[in-house]
Amino acid sequence: MVCLKRIAVMCLFYTTFIVHAKKNDLFDPRIVGGDECEYEKYPFAVAIFTNLVCGGVIISKRWVLTAAHCINFQYIRSGRTLLRTGFNYDQHFVQIRFAVKAICHKNFNIYRMGDIEQPELRYDIALILNNKPFDETRYLKRAFLPEPGFTNKCAEATAVGVGYRSEVFYFQRSENLAALTRDPLETEYNRTLQCVELPIIDTETCKETWPTSVLDSTVICTRVEEGGRDACSGDSGGGLFYENTVIGIISAGRGCAMPKLAATYSKVESYLDFIKETMQNNAASQPSVTLLGTQPPCLFKSVKSLPASPNNVSEERP
């Protein structure tokens, strides 16, 4: 059975598709089968808080890449979308910013993504503009964007998610998120950065899990044949990385870490024009716009809302 999970009028995805028969089969609220990362290895990872938790990837001092289904425009307008780096590290590692604008891909539609019979797995990508630049340090840097052809040569990649240390924190998230928004540096933060290595599979294999969906060059799929390793709920919007290059954005899956079931990611190199145009077209909202240089193709294996308006016009805080 495929179930659609919603919080208020938003969908909670990586996450859209949860397979369960009883309570014990509910999704694990973090990366499954992975390990706690060294934060300095992924200094571009960020946690995004609204009425739920998502991940994101810093691609410039003012811009964060994430999944479109993570965007809650009501929270953007009211200044309640918080971006936090540093996770559970000491305070001097932590940087707090607030989102002032979010732009989803023009073709993204939350209802089509949640269609049980024919889910739309493309276009789940968005950019968030924060209220002031991040300060680059040893523990906060920008991820590289891939150049065309980069991803096709990657056999494996690493999914990075903002995992919970305990399920207690997960199920009390509403209270904790409210406290984080009121006192972001004083509220205890109980999340760690989690990583898991995953094999990238071809489109035909991915279609075994998603037979009615369009799977084209804009979608990356991962699958562990025996199960046991995957991204999961709460990881949505986080990055799929080859070293310091973000090749995918965590998007959707049928259950978490289940055998023979594939997860999907938005393929970043397919959206380079969207990313560049969004940043350039919103240059007036920030001091400057600089798109990072791209990395050469990887040549060997690496060590995984409010619905959008009809035209997906960006919203910003009044």
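Residues numbered from 1 in each chain as written. Predicted model: local features only at pLDDT ≥ 70, side-chain atom pairs only at ≥ 80, totals over all residues. Heavy atoms only, no water.

Visitor: Is there a simple way to explain the overall build of the protein in this structure?
Guide: Within the protein, the secondary structure is distributed over six helices and 20 strands. Counting across all 318 residues of the protein, residues that qualify as buried make up 59%. Accessible surface, the protein: about 13100 Å² in total, of which carbon and sulfur atoms supply 48%. (Helix = DSSP H or I, 4+ residues; strand = E, 2+ residues; numbered from the N terminus. Buried < 20%, exposed > 50% of the residue type's maximum accessible area, 1.4 Å probe, protein only. Areas by Shrake-Rupley, 256 points an atom, 1.4 Å probe, with all protein chains shown as cover.)

Visitor: Would you explain the packing of aromatic side chains in this entry?
Guide: Two aromatic rings are characterised by how far apart their centres lie and by the angle between their planes. Taken as a whole and judged by the stated rule, the model has five aromatic pairs. For the pair Y42 and F44, a centre-to-centre distance of 6.3 Å together with 80° between the ring planes defines the contact as edge-to-face. Across this residue pair, the class does not change: Y42 and F44 are buried. Taken together, a centroid distance of 5.1 Å and an interplanar angle of 35° make the contact between F44 and F241 tilted. In this pair, F44 is assigned in the loop between β5 (35–36) and β6 (45–49) and F241 in strand β16 (residues 239–242), connecting sequence segments 197 residues apart. Each member of the pair F44 and F241 is classed as buried. One aromatic cluster in this structure is built from Y42, F44 and F241. (Phe/Tyr/Trp six-rings, centres within 6.5 Å; stacked < 30°, edge-to-face > 60°.)

Visitor: What should I look at first to understand the pattern of salt bridges in this one?
Guide: For side chains bearing opposite charge, pairing can occur when the charged atoms are close. Going through the model one piece at a time under the given rule, you end up with eight salt bridges. Of the charged contacts in the structure, one is a salt bridge between E208 and R223, with a shortest N-O distance of 3.1 Å. On the criterion of sequence distance, the pair formed by E208 in the loop between α5 (203–206) and β15 (219–222) and R223 in the loop between β15 and β16 is long-range, its members being 15 residues apart. (Salt bridge = Lys/Arg side-chain N within 4 Å of Asp/Glu carboxyl O.)

Visitor: Quick question: what am I supposed to make of the environment of K153 here?
Guide: Looking at the element boundaries, K153 is found in the loop between β12 (145–146) and β13 (156–164). The exposure class of K153 is partly exposed, given its relative accessible area of 49%. Spatially, the C-alpha atom of K153 lies 10.0 Å from that of I200, the residues being 47 residues apart in sequence.

Visitor: Is there a simple way to think about helix α6 (residues 272–281) in this case?
Guide: Count 3.6 residues to each turn of an α-helix, and residues three or four apart come out pointing the same way. Where α6 is concerned, the buried positions are L272, F274, I275, T278 and M279. Along the axis of α6, the buried positions cluster into a sector of 165°, meaning they face one direction only. Those residues of α6 that are exposed and aimed more than 90 degrees away from the buried face are D273 and N281. For α6, the elements touching its buried residues are β8 (63–66), β10 (96–104), β11 (126–130) and β12. (Arc of directions from axis to C-beta. Contact = heavy atoms within 4.5 Å.)

Visitor: Got a minute to help me understand the pairing of β11 in this structure?
Guide: Two faces make up the sheet, and in a regular strand the side chains alternate between them. Extensive coverage of β11 is indicated by the burial of five of its five residues. Alternating positions in β11 separate into two faces, A126, I128 and N130 on one and L127 and L129 on the other, with burial throughout. With four bridges joining them, β8 and β11 adopt antiparallel strand pairing. By the bridge assignment, T66 is partnered in β11 with A126. (Pairing = 2+ DSSP bridges.)

Visitor: What should I look at first to understand the side chain of R97 in this one?
Guide: Along the chain, R97 turns up in strand β10. Of the polar contacts made by the side chain of R97, one reaches the side chain of Q95; its length is 3.2 Å. One polar contact links the side chain of R97 to the main-chain carbonyl oxygen of K132, over a distance of 3.2 Å. (Polar contact = N/O pair within 3.5 Å; in protein donor to acceptor, adjacent residues only side chain to side chain.)

Visitor: Would you take a moment to explain unusual backbone geometry for this structure?
Guide: The general pattern is negative phi for most residues beyond glycine and trans for most peptide bonds. A positive phi angle is found at E243, which is not glycine, with a value near 55°. By secondary structure assignment, the location of E243 is in the loop between β16 and β17 (245–253). What makes E243 partly exposed here is its relative accessible area of 46%.

Visitor: Help me understand the state of the cysteines in this model?
Guide: Think of a disulfide as a covalent bridge from one cysteine sulfur atom to another cysteine sulfur atom. Per the counting criterion, the structure on display carries four disulfides. Here C54 connects covalently by a disulfide to C70, the sulfurs 2.1 Å from one another. Note on the C54 and C70 pair: the S-S dihedral is about -85°, so by sign convention the disulfide is left-handed. One end of the pair, C54, is in strand β7 (residues 53–58); the other, C70, is in the loop between β8 and α1 (73–77), and 16 residues separate them in sequence. Judged by its relative accessible area of 3%, C70 falls in the buried class. Here C232 is linked by a disulfide to C256, with a sulfur-sulfur distance of 2.0 Å. For the disulfide bridge between C232 and C256, the dihedral angle about the S-S bond is near 85°, and by the sign convention the bridge is right-handed. One end of the pair, C232, is in the loop between β15 and β16; the other, C256, is in the loop between β17 and β18 (263–267), with 24 residues separating them in the sequence. You can see C104 has no disulfide; the closest cysteine sulfur is in C70, sitting 9.7 Å from it. Look at C104 and you get buried, because its relative accessible area is 5%. (Disulfide = S-S within 2.5 Å.)

Function cannot be inferred from these measures alone, as they are strictly geometric.
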